[in-house]
Amino acid sequence: MKSRAAVAFKAGAPLEIVEIDVAPPKAGEVLVRITHTGVCHTDAFTLSGDDPEGLFPTVLGHEGAGIVVEVGESVTSLAPGDHVIPLYTAECRECKFCKSGKTNLCQKVRATQGKGMMPDGTSRLSYQGQPLYHYMGCSTFSEYTVCNEISLAKINPEAPHEQVCLLGCGVTTGIGAVHNTAKVKPGDTIAVFGLGGIGLAVIQGARQAKAGRILAIDINPGKFEKAREMGATDCINPKDYQKPIQDVIVEMTDGGVDFSFECIGNVDVMRAALECCHKGWGESVIIGVAGAGQEIRTRPFQLVTGRVWRGSAFGGVKGRTQLPGMVEQAMRGEIELAPFVTHTMPLTRINEAFDLMHEGKSIRTVIHF
Ligand code: NAD
Ligand code: DAO
Ligand code: ZN
Ligand code: ZN
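Reading guide: rules and limits
Along every chain, residues carry numbers that run from 1 in the direction the sequence is written. Ligands are numbered from 1 and chains lettered from A, in the order in which they are written. For a predicted model such as this one, the threshold for reporting local features is a pLDDT of at least 70, and the threshold for listing and counting side-chain atom pairs is 80 or more; totals across whole chains, interfaces and linings nevertheless cover every residue. In this analysis, residues qualify as near a molecule or strand once their C-beta atom, positioned from backbone atoms, comes within 6 Å of it. Labels follow the DSSP assignment, with helices taken as runs of H or I lasting at least four residues and strands as runs of E lasting at least two, numbered in each case from the N terminus. The residue classification treats Ala, Val, Leu, Ile, Met, Phe, Trp, Tyr, Cys and Pro as nonpolar and Asp, Glu, Lys and Arg as charged. All others, Gly included, are polar. The source of the domain bounds is an automatic or database domain assignment. With C-beta atoms placed from the backbone, a residue counts as buried when 20 or more other C-beta atoms lie within 10 Å of its own, as exposed when 12 or fewer do, and as partly exposed for counts between those limits. What counts as a contact is two residues whose backbone-derived C-beta atoms lie within 7 Å of each other. Axis angles are defined between N-to-C directions and span 0 to 180 degrees, where every axis is a line fitted to C-alpha atoms and, for a helix, only to the segment in contact. In these notes the angle categories are as follows: under 35 degrees is roughly parallel, over 145 is roughly antiparallel, 65 to 115 is roughly perpendicular, and the rest is oblique. Crossing handedness is defined as follows: a turn of the near helix away from the far one that is anticlockwise and smaller than a right angle gives a left-handed crossing, while the clockwise case is right-handed. Two strands pair under a simple rule: DSSP has to find at least two bridges between them. UniProt positions are given in the numbering used here, feature names are shortened, and annotations may be inferred rather than shown by experiment. To estimate the expected span of a helix, subtract one from its residue number and multiply by 1.5 Å.

Remarks on the site of ligand 1
Around ligand 1, 33 residues are found, and the nearest of them are H41, G194, G196, I198 and G265. Mapped onto the shell around ligand 1, the elements with two or more residues apiece are α1 (41-48), α5 (170-182) and α6 (197-208). Here the shell around ligand 1 is built from residues that sort into 17 nonpolar, 14 polar and 2 charged. Two domains share the shell around ligand 1, each providing at least three of its residues, namely domain 1 (2-168 + 337-368) and domain 2 (172-313).

Quick notes on the environment of R310
Take R310: it is sitting in strand β15 (residues 308-311). By C-beta crowding, R310 is classed as partly exposed, having 15 other C-beta atoms within 10 Å. Taking C-alpha positions, R310 is 7.9 Å from T181, a pair spaced 129 residues apart along the chain. Apart from the residues lying within four places of it in its own chain, the contact partners of R310 are T181, E283 and V285.

Brief notes about the packing of α5 against α6
Across the interface, α5 lies against α6 with an axial gap of 7 Å and an inter-helix angle of 45 degrees. Considered as vectors, α5 and α6 are oriented oblique to each other. Judged by the sense of rotation from one axis to the other, the crossing of α5 with α6 is right-handed. When α5 is examined against α6, the residues G170, V171, T173, G174, I175, A177, V178 and H179 are found in contact with a partner set consisting of G197, I198, G199, L200, A201, V202, Q204, G205 and A206. Residues belonging to the contact of α5 with α6 are distributed by class as follows: 9 nonpolar, 8 polar and no charged.

Quick word on the pairing of strand β13 (residues 259-262)
Alternating positions in β13 separate into two faces, F259 and F261 on one and S260 and E262 on the other, with burial throughout. Here strand β10 (residues 190-193) runs beside β13; their pairing, made up of 4 bridges, is parallel. Directly across from F193, in β13, lies its bridge partner E262. Two elements, β13 and strand β14 (residues 283-286), share 4 bridges in a ladder whose sense is parallel. Across the sheet, F261 pairs through a bridge with V285, a residue of β14.

Observations regarding the site of ligand 2
Ligand 2 sits among C40, T42, H62, Y88, T89, L105, Q107, R110, C169, V289 and A313. In terms of residue class, the shell around ligand 2 is made up of 6 nonpolar, 4 polar and 1 charged.

Concerning unusual backbone geometry
Cis geometry is found at the peptide bond from F56 to P57, where omega equals 0 degrees. Looking at the secondary structure, you find P57 in the loop between α1 and β4 (64-71).

Regarding the UniProt feature "domain: Enoyl reductase (ER)" (unreviewed entry) in the protein chain
Look at the UniProt record and you will see "domain: Enoyl reductase (ER)" (unreviewed entry) annotated at residues 12-367. Within the segment residues 12-367, helix and strand shares are 27% and 21% respectively, and the terminal C-alpha atoms sit 20 Å apart.

Focus on α6
For α6, built from 12 residues, the straight-helix expectation of 16 Å at 1.5 Å per residue is met to within 8% by its first-to-last C-alpha distance of 17 Å. Across the 12 residues of α6, 10 count as buried, placing the element largely inside the fold. Those residues of α6 that are buried are in contact with α5, β10, β11 (214-217), α7 (224-230), β13 and β17 (364-368). Immediately downstream of α6, the backbone of K210 shows phi near 60 degrees, a positive value.

Re the environment of I286
Within the fold, I286 resides in strand β14. Under the C-beta neighbour-count criterion, I286 is labelled buried, with 25 such atoms within 10 Å. Separated by 31 residues in sequence, I286 and G255 have C-alpha atoms that sit 21 Å apart. With sequence-adjacent residues up to four places away left out, I286 is seen in contact with E262, M270, W309 and G311.

Have a look at this one:
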């Protein structure tokens, strides 16, 4: 079938809105009509060419919501008409990882997903006869896409897609990192580095967890108003200080924070985030994705003296099991999604969404088809 899509033909170039071909779902696969998709920093990162796994030409997008159109052979958990959120972290419930009870990083389709292919090693997406790579098992910048059954969370059909699409990545990642990875407790002091969609979701999660002080750090002071509205108690611009920001935070917090979250993808900030943690117990969670080949550094004594470095992918959330409940929480107002949606626009204007992100003017732009 034909589908309108924003195609990334090469790194560093704007997306092109074209009509692509989408092949029917094979066994274990599902054809989905995407109704809405957010634009995440990770899409921009891959488009920039800095992503070591970036493949072109491709259909980007991984923060969507849609409706099942057709299911392939052997699909049992979904049927046409079901409302779904595509998952870039699948959940097969059978692999060693899924059964471990220790991680959300299902590996069932990891290898082929990383190669931009479906599990049989081929693509369902093409343009003028040439295959297009799938992206993160989602490719939500196409009106029609094919995902694995295990890469789709079935959600309440009453859920507003224009908001819950953000649970496909940004909001779940931030809130999940607070509850599942850090396990923030009432009264804890936290520091959040980077106040985009991920950082603001960390703030919302910290407020849910009844954190005490919530320090919000960004070099764009235009981000502070929304951070305060969402629960930040202190907003800090590192450019206002002559000394390293970790020293500033340690002084402000009587020795450091209980938890910090890096939500940028900058390895120097990752170091600051670790070193602003309290001696003996402070934990820093890396959420941001750094460019190809970059490495983190600190003095090992930082770890010897009790600070901990962790990472978090998709907030540690098991998508098929936990995401439907988070959609219900959003519908009850326990997760607030509206503040994240700063812009909405049709697919034809998707390049503006990337411009707004690069200019620091948006939190999330939601694209509708
Ligand atoms: P964003 O671009 O909307 O926000 C990043 C923020 O960081 C901006 O407000 C920017 O002003 C700020 N910033 C940049 N440099 C800074 C510095 N040196 N000091 C302080 N602040 C600085 O991005 P986003 O969509 O919120 O994504 C954030 C990061 O999280 C990206 O790296 C993205 O790839 C990653 N991510 C990770 C996961 C995961 O599962 N681990 C999921 C989604 C996104
Ligand atoms: O299982 O090896 C693996 C990788 C799982 C994907 C984790 C991705 C998390 C960071 C990417 C940003 C998501 C938009
Ligand atoms: Zn994302
Ligand atoms: Zn699995």
